[in-house]
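In case you want the letters, here they are:
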Amino acid sequence: MELVAGANTIIPTSRISIEIQIFGIDSSELDFSAYSLATNAKVCSDDDMIFYGQLHNKSQTIKLTQTSSSVCFQINLPEVSPQINKISICATLANEQQDFSSVNYLNIKIKNSNIIATSKITGQNRSEVALIIGEFYRYQQSWKFRLISQGFNGGLKSLAEHFGVNIADEQPHTEVSPPPIPSQATSDTTSNISNTLKDIFLSPLKLIEKHKRQKEFQSKLSQYLSDGKLTNLERQQLDEFCIEHELDKQQLFKQSSLLINNFLHFTLANIIADRFVGKDEQDLINCLCDYFKPDQSIISEIKTTIQRVNNIAKIKKGDVNPIQTNEIVVKNSELIYLHQKDVLLTVQRKNANNVERYRGDLFVTSERIIYKSDKPKNILISNIISYESNKNMIFITSKTANNSGEFYIGKDVDFVEAHIEQSVKRFHRQIDLRQSTNNTRHITQETRNTVWQRCNGKCVECESTSYLEFDHIIPFSKGGSNSENNIQLLCRACNLSKSDRI
Ligand SMILES: [Zn+2]
């Protein structure tokens with residue numbers, strides 16, 4: 001049944017949950033709280049309030065879970081103390097400069113195993129900072145829920161006080177400050193510590209204060225990361241803020257994991273964009289992982305990605321060993337560097353419309369690219385003018401028209417390209433230990449920032465947020481540029497499967 005403001009409905013005395021979906025604003029910008037009230041409409045003790053950061057109330061009859069777009073209070077009605085007459089569910093804006101008009105609407109669902117009631121509260125024309133959503137209350141031998149949907153002037157603190165939560169117990173501690181007497185310093189310190197402990201566990205004011213600091217920390221972090229960098233100074237400031245306000249840094253990082261993971265993925269995509277990871281870049285990502293301690297999956301993604309890029313860079317520098325195989329016949333001096341079994345070859349001759357496809361084995365040797373299949377192909381390394389890998393294809397321009405403008409698809413073209421590159425360089429005696437200066441595909445930092453923003457840090461094909469790479473939409477060798485409208489974000493998997501598109 002759909003409830004309108006003021007309407008009520010019978011609620012079975014069972015375990016029930018009230019699920020609130022939030023639209024138009026992130027759930028971290030709203031604080032949801034529940035108050036267990038006696039017949040005088042006040043809490044019996046401060047433990048009767050539960051809000052953000054608390055998993056449950058003291059008697060464990062109310063539990064609170066929160067995602068980025070919803071919150072859920074689970075209430076065990078049969079176990080609620082007989083003293084409690086009413087449970088009020090409320091929401092307040094974390095930023096008290098805002099009002100509820102910034103919330104698009106809240107979708108409310110009350111359910112046990114079935115949906116008992118639903119409702120929608122819009123934020124339209126609301127000028128208050130707090131909202132009393134509704135209340136569960138005893139009615140004869142049973143429970144009812146009434147949708148209140150009423151604004152309340154004042155933030156979380158005022159709301160808590162309205163329900164009788166004793167916020168004032170903090171006053172003596174802050175106001176009465178006797179002049180410091182050196183000889184009593186030790187005992188003062190001890191009593192301060194016990195006060196602090198007491199405050200953290202008991203005082204709702206302290207909890208609200210702490211909550212405010214946590215939000216402050218998160219907005220600081222978000223602001224620092226917004227430029228795609230985290231400086232030493234910024235890190236130091238975050239650390240000091242946590243120490244000063246006794247905040248658990250790692251806990252806060254966990255709560256901001258979406259933001260942090262996005263930042264780490266951006267950093268990773270950046271450092272592999274030039275297909276070479278320098279020591280500075282490696283140090284940077286190590287340092288960030290050390291600092292944020294992200295999930296194991298991200299750490300292994302970073303490791304695998306960097307290893308792959310470094311392997312490719314190593315091959316390009318000529319740091320490879322020839323392999324032994326009897327699958328092809330080679331000349332005496334010819335060395336085989338790569339063998340990929342059962343790969344697809346796509347051939348499109350220059351100025352031809354049709355695309356031919358074959359399956360077979362690909363070899364790269366010191367003298368040739370060999371494709372062994374029903375229709376064998378050979379390209380002499382000495383004839384290669386240019387080559388480029390893009391989206392699981394290699395575009396090769398060769399001196400002879402017959403071998404020009406063809407695409408070769410291997411299992412991982414970046415590796416194939418690296419082997420071709422090292423053979424070409426070896427042929428021209430250009431192999432040395434210097435890093436490749438081939439920067440034709442260099443994407444500027446500014447372009448990368450813009451593209452990352454435009455794609456929301458997600459693969460444009462599948463919306464994955466992992467294994468992201470900056471990708472040329474039109475390959476460089478086909479006239480594509482390094483400008484932002486020719487660059488997009490693709491994940492590795494989509495990059496590998498895009499071979500038929502161009
Ligand atoms: Zn993808």
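Here the structure is shown first, and the text comes after it.
Residues numbered from 1 in each chain as written. Predicted model: local features only at pLDDT ≥ 70, side-chain atom pairs only at ≥ 80, totals over all residues. Heavy atoms only, no water.

Looking at this structure, I do not really get the overall build of the protein. What am I missing?
Helix and strand content of the protein: 12 helices and 20 strands. When burial is assessed residue by residue, the protein has 45% of its 502 residues classed as buried. Residue pairs at least 24 apart in sequence account for 66% of intrachain contacts in the protein once pairs closer than 6 positions are excluded. Surface summary for the protein: the accessible area is close to 25900 Å², and the carbon and sulfur share equals 49%. (Helix = DSSP H or I, 4+ residues; strand = E, 2+ residues; numbered from the N terminus. Buried < 20%, exposed > 50% of the residue type's maximum accessible area, 1.4 Å probe, protein only. Contact = heavy atoms within 4.5 Å. Areas by Shrake-Rupley, 256 points an atom, 1.4 Å probe, with all protein chains shown as cover.)

How should helix 11 (residues 445–454) be read in this particular structure?
Quick reminder: α-helices carry 3.6 residues per turn. Residues three or four places apart thus point the same way. Among all positions in helix 11, only Thr-447, Arg-448, Val-451 and Trp-452 are buried. Take helix 11 and look down its axis: the buried residues cluster within an arc of 130°, on one side only. Of the residues in helix 11, the exposed ones pointing more than 90 degrees away from the buried face are Glu-446 and Gln-453. Elements that come into contact with the buried residues of helix 11 comprise helix 7 (257–272), strand 19 (468–472) and strand 20 (487–491). (Arc of directions from axis to C-beta.)

Looking at this structure, I do not really get the coordination of the zinc ion. What am I missing?
Under perfect tetrahedral coordination by four donors, a metal shows angles of 109.5 degrees; under perfect octahedral coordination by six donors, it shows angles of 90 or 180 degrees. At this site the zinc ion is bound by Cys-459 (SG), Cys-462 (SG), Cys-491 (SG) and Cys-494 (SG), with donor distances of 2.3 Å. Mapped onto the sequence, the residues coordinating the zinc ion show the spacing C-x2-C-x28-C-x2-C. (Donors = N, O, S within 2.8 Å, 3.2 Å for Na, K, Ca; no water.)

What exactly am I supposed to notice about the packing of helix 7 against helix 11 here?
Any two packed helices are characterised by how steeply their axes cross, that is the angle between the axes, and by the distance between the axes. For the pair helix 7 and helix 11, the least separation of the axes is 11 Å and the interaxial angle reads 140°. Judged by the inter-axis angle, helix 7 sits oblique to helix 11. For the pair helix 7 and helix 11, the sense of crossing is right-handed. Every residue of helix 11 that contacts helix 7 at Asn-262, His-265, Phe-266, Ala-269 and Asn-270 is listed here: Gln-445, Arg-448, Asn-449 and Trp-452. Tallied by class, residues from the contact of helix 7 with helix 11 come to 3 nonpolar, 5 polar and 1 charged. (Axes fitted to C-alpha atoms, helices over the stretch in contact; angles between N-to-C directions. Parallel < 35°, antiparallel > 145°, perpendicular 65-115°, else oblique. Left-handed = near helix turned anticlockwise from the far one by under 90°. Nonpolar A, V, L, I, M, F, W, Y, C, P; charged D, E, K, R; others polar.)

Looking at this model, I keep getting lost on unusual backbone geometry. Mind explaining?
Although it is not a glycine, Glu-246 sits at a positive phi angle of roughly 55°. One non-glycine residue, Glu-463, lies in positive phi territory at about 65°. Inspection of the secondary structure puts Glu-463 in the loop between helix 11 and strand 19. Its relative accessible area of 55% is what places Glu-463 among the exposed residues.

Explanation requested: the nonpolar core in the structure shown.
Ranked by size, the top nonpolar core spans 38 residues in total, and within it Ile-87, Ile-89, Ile-133 and Phe-136 carry the most contacts. When sequence neighbours within four positions are dropped, the list of residues in contact with Ile-133 reads Ile-20, Phe-32, Ile-89, Cys-90, Ala-91, Leu-106, Ile-108, Ile-121, Leu-147, Ile-148 and Ser-149. In terms of nonpolar packing, the next biggest core, distinct from the first, is built from 27 residues, Leu-247, Leu-252, Ile-272 and Cys-289 among them. (Core = buried A, V, L, I, M, F, W, Y, C linked by side-chain atoms within 4.5 Å.)

It is not clear to me how the packing of aromatic side chains should be interpreted in this structure. Could you clarify?
Pairs of aromatic rings are described using the distance from one ring centre to the other and the angle between the two planes. Taken as a whole, this structure holds 11 aromatic pairs when the rule is applied. Measuring from centroid to centroid gives 4.5 Å for Tyr-35 and Phe-163, while their planes differ by 25°, and the two rings are stacked. In this pair, Tyr-35 is assigned in strand 3 (residues 30–37) and Phe-163 in the loop between helix 1 (156–162) and helix 2 (171–175), connecting sequence segments 128 residues apart. Both residues of the pair, Tyr-35 and Phe-163, count as buried. Relative to Phe-253, the ring of Phe-217 lies with its centre 6.0 Å away and its plane at 45°, an arrangement referred to as tilted. Of this pair, Phe-217 sits in helix 4 (residues 204–225) while Phe-253 sits in helix 6 (residues 249–255), and the two are 36 residues apart along the sequence. The pair formed by Phe-217 and Phe-253 is uniform in burial state, with each residue classed as buried. (Phe/Tyr/Trp six-rings, centres within 6.5 Å; stacked < 30°, edge-to-face > 60°.)

What's the story with the pattern of salt bridges in this structure? I'm lost.
Tallying each qualifying case throughout the model produces 26 salt bridges. Measuring nitrogen to oxygen at the nearest pair gives 3.9 Å for the salt bridge that ties Glu-161 to Lys-157. Taken together, the residues span about one helical turn, with Glu-161 and Lys-157 both in helix 1 at a distance of 4 residues. By relative accessible area, which is 37% here, Glu-161 ends up partly exposed. Residue class for Lys-157 comes out partly exposed when judged on its relative accessible area of 36%. Linking Glu-421 and Lys-316 is a salt bridge whose minimum nitrogen-to-oxygen distance equals 3.7 Å. Within this pair, whereas Glu-421 is found in helix 10 (residues 413–427), its partner Lys-316 is found in helix 9 (residues 296–316), the two being separated by 105 residues in sequence. Of the two residues, Glu-421 and Lys-316, neither departs from the other in class, the shared state being buried. (Salt bridge = Lys/Arg side-chain N within 4 Å of Asp/Glu carboxyl O.)

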